[in-house]
Amino acid sequence: MRSTILVIDDDEKITSMLRRGLAFEGYDVHTALNGAEGLSRVITENPDLIILDVMMPQIDGFEVCRRLREGGSKVPVLMLTAKDEVENRVKGLDTGADDYLVKPFALEELLARVRALLRRKEPAGETESHRLAFEDILMDMDSREVLRAGQRLELTAKEFDLLHLFMQNPKRLLTRDLIMDKIWGYDYSGESNVLEVYIAMLRQKTEEYGGKRVIQTIRGAGYILRGDS
């Protein structure tokens, strides 16, 4: 069955290019030229993935994503932004986006990210247990719910996948390359700091209720989940 992708962007040249490129790859593509139309099409088209531009009049991409998540939608969102600034990337992730891509971008990279997000839309079945625990963190794969000291953490799909990888490998050093391969599934640019942004967001949420830092940086090597601070 072909995956359905909804492109929400007010730039008709971008939507036309993406429609052609995605359709050539075998996707069923729908487009919307503003945020309001996009929100409506999410209901009527029930897409498997959304490509969402940030800079749109009236209802921008941040607000579209926020409304989707507040409404309970878990559809993966790839956010497009013309601003390569940390605060804009963080804002996009914080509103619930799963990944971001800075304009101008290569179509090949966008397609790779689309494939990675679609592969991870449905979590792989757990063979040993449907729950993972590390110290006071409890992760339920069926409900995709994470609790820390009894407090529910509001994680995006990508943040959940990242924490899941750490929870599967407690006290084991995970290199940057390994994490990028497992979570994003594409070759990343050496200048990209998408992993650092996600680590920072995940730390913020896991430490929100006063919990100690468990995701630690091993300088020059990678990251590790361990209890000592």
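These figures come from a predicted structure and were not determined experimentally.

### So, the overall build of the chain
Logical step 1: For the chain, the count of helices and strands is eight helices and 12 strands.
Logical step 2: Relative to its full complement of 229 residues, the chain shows a buried share of 48%.
Logical step 3: In the chain, of all internal contacts separated by at least 6 residues, the share reaching a separation of at least 24 is 58%.
Logical step 4: Summed over its atoms, the accessible surface of the chain is roughly 11,600 Å², and 47% of this surface lies on carbon and sulfur atoms.

### Section: the pattern of salt bridges
Logical step 1: In the structure shown here, the tally under the stated rule is 19 salt bridges.
Logical step 2: The partner of arginine 69 in a salt bridge is aspartate 98, and the shortest N-O contact between them spans 3.0 Å. Placement of arginine 69 in helix α3 (residues 61-70) and of aspartate 98 in the loop between α4 (86-94) and β5 (99-102) is noted, with a sequence separation of 29 residues between them.
Logical step 3: Where arginine 113 meets glutamate 109, a salt bridge forms, and the shortest distance between an N and an O atom there is 2.5 Å. Here glutamate 109 and arginine 113 lie together in helix α5 (residues 107-119), a separation of four residues that amounts to about one turn.
Logical step 4: The class of arginine 113 is buried, set by a relative accessible area of 6%.
Logical step 5: Here the residues in one salt-bridge network are Glu63, Arg66, Arg67 and Glu70, joined through shared partners.

### Remarks on the layout of surface pockets
Logical step 1: Taken as a whole, the largest pocket holds about 720 Å³ of empty space.
Logical step 2: Those elements that place two or more of their residues in the lining of the largest pocket are β8 (145-148), β9 (151-153) and α6 (157-168).
Logical step 3: Of the residues forming the lining of the largest pocket, the biggest block, four residues, is contributed by α6.
Logical step 4: For the lining of the largest pocket, the domains that each give at least three residues are domain 1 (4-119) and domain 2 (131-225).

### Remarks on the sheet that holds strand β1 (residues 4-8)
Logical step 1: Taken in spatial order, the five strands of this open sheet run β2-β1-β3-β4-β5, and their pairing is parallel. The open sheet has two edge strands, β2 (28-32) and β5, and neither has a second partner. When the angles between neighbouring strand axes are averaged without regard to direction, this sheet yields 20 degrees.
Logical step 2: Sheet topology note: the β1/strand β3 (residues 49-53) ladder contains four bridges and is parallel. Counted as the bridge partner of isoleucine 8 is leucine 52 from β3.

### Things to note about the sheet that holds β9
Logical step 1: Pairing is antiparallel across the open sheet formed by four strands, whose spatial order is β6-β7-β8-β9. Lying at the two open borders of the sheet, with one neighbouring strand each, are β6 (131-134) and β9. Taking the axes of each pair of neighbouring strands and ignoring which way they run, one obtains an average angle of 25 degrees across the sheet.
Logical step 2: With four bridges joining them, β6 and strand β7 (residues 137-140) adopt antiparallel strand pairing. Its bridge partner lying in β7, phenylalanine 134 is registered against isoleucine 137.
Logical step 3: Relative to the sheet, α6 contacts β6, β7 and β8, its axis offset from that of β7 by approximately 115 degrees.

### Details of the packing of α6 against helix α8 (residues 194-206)
Logical step 1: At a closest axis distance of 10 Å, the pairing of α6 and α8 adopts a crossing angle of 85 degrees. It follows from the interaxial angle that α6 and α8 lie roughly perpendicular. Across the interface between the two elements, Lys158, Glu159, Leu162, Leu163 and Phe166 of α6 pack against Leu195, Tyr198, Ile199, Met201, Leu202 and Lys205 of α8.
Logical step 2: Residues of the contact of α6 with α8, tallied by class, amount to eight nonpolar, no polar and three charged.

### Re the pairing of β7
Logical step 1: Hairpin connection from β6 to β7: two residues lie between these consecutive antiparallel strands, with glutamate 135 at a positive phi of about 50 degrees.
Logical step 2: In this structure, β7 lies alongside β8, joined through four bridges in antiparallel fashion. Bridging across to β8, isoleucine 137 finds its partner in arginine 148.
Logical step 3: The antiparallel pairing of β7 with β8 creates a hairpin that spans four residues between the two strands, and arginine 144 there sits at a positive phi of about 55 degrees.

The rules behind each value
- Here the residue index of a chain counts from 1 through its sequence in written order.
- Side-chain atom pairs in this predicted model are given and counted only at pLDDT of 80 or more, local residue features only at pLDDT of at least 70, and totals for whole chains, interfaces and linings cover all residues.
- Where side-chain values are given, they derive from all heavy atoms of the structure, hydrogens and water being excluded.
- By the criteria applied, helices consist of DSSP H or I runs no shorter than four residues and strands consist of E runs no shorter than two, each listed in order from the N terminus.
- Throughout this description, buried means an accessible area under 20% of the type-specific maximum (1.4 Å probe, protein chains only), exposed means over 50%, and partly exposed covers the range between.
- Note on contacts: a residue pair qualifies if any of its non-hydrogen atoms lie within 4.5 Å across the two residues.
- Accessible surface area values rest on a Shrake-Rupley calculation with a 1.4 Å probe, where residue burial reflects the displayed protein chains alone.
- Here, a salt bridge means any Lys or Arg side-chain nitrogen found within 4 Å of an Asp or Glu carboxyl oxygen.
- Lining residues are defined by having an atom within 4 Å of a point belonging to a cavity or pocket. Those points lie on a 1 Å grid over the protein atoms alone, cavities being sets where a 1.4 Å probe fits but cannot get out and pockets being open sets with protein on both sides within 12 Å along at least five of seven lines.
- Grid points are joined across faces, edges and corners, and a volume is the space filled by probe spheres set on the points.
- The source of the domain bounds is an automatic or database domain assignment.
- Strand pairing is defined by DSSP finding a minimum of two bridges between the two strands.
- Helix axes use the C-alpha atoms of the stretch in contact, all axes being lines fitted to C-alpha atoms, and the angles between their N-to-C directions lie in the range 0 to 180 degrees.
- The cut-offs work like this: below 35 degrees is roughly parallel, past 145 is roughly antiparallel, 65 to 115 is roughly perpendicular, and the gaps in between are oblique.
- All residues other than Ala, Val, Leu, Ile, Met, Phe, Trp, Tyr, Cys, Pro, Asp, Glu, Lys and Arg, Gly among them, are scored as polar; the first ten of these are nonpolar and the last four charged.

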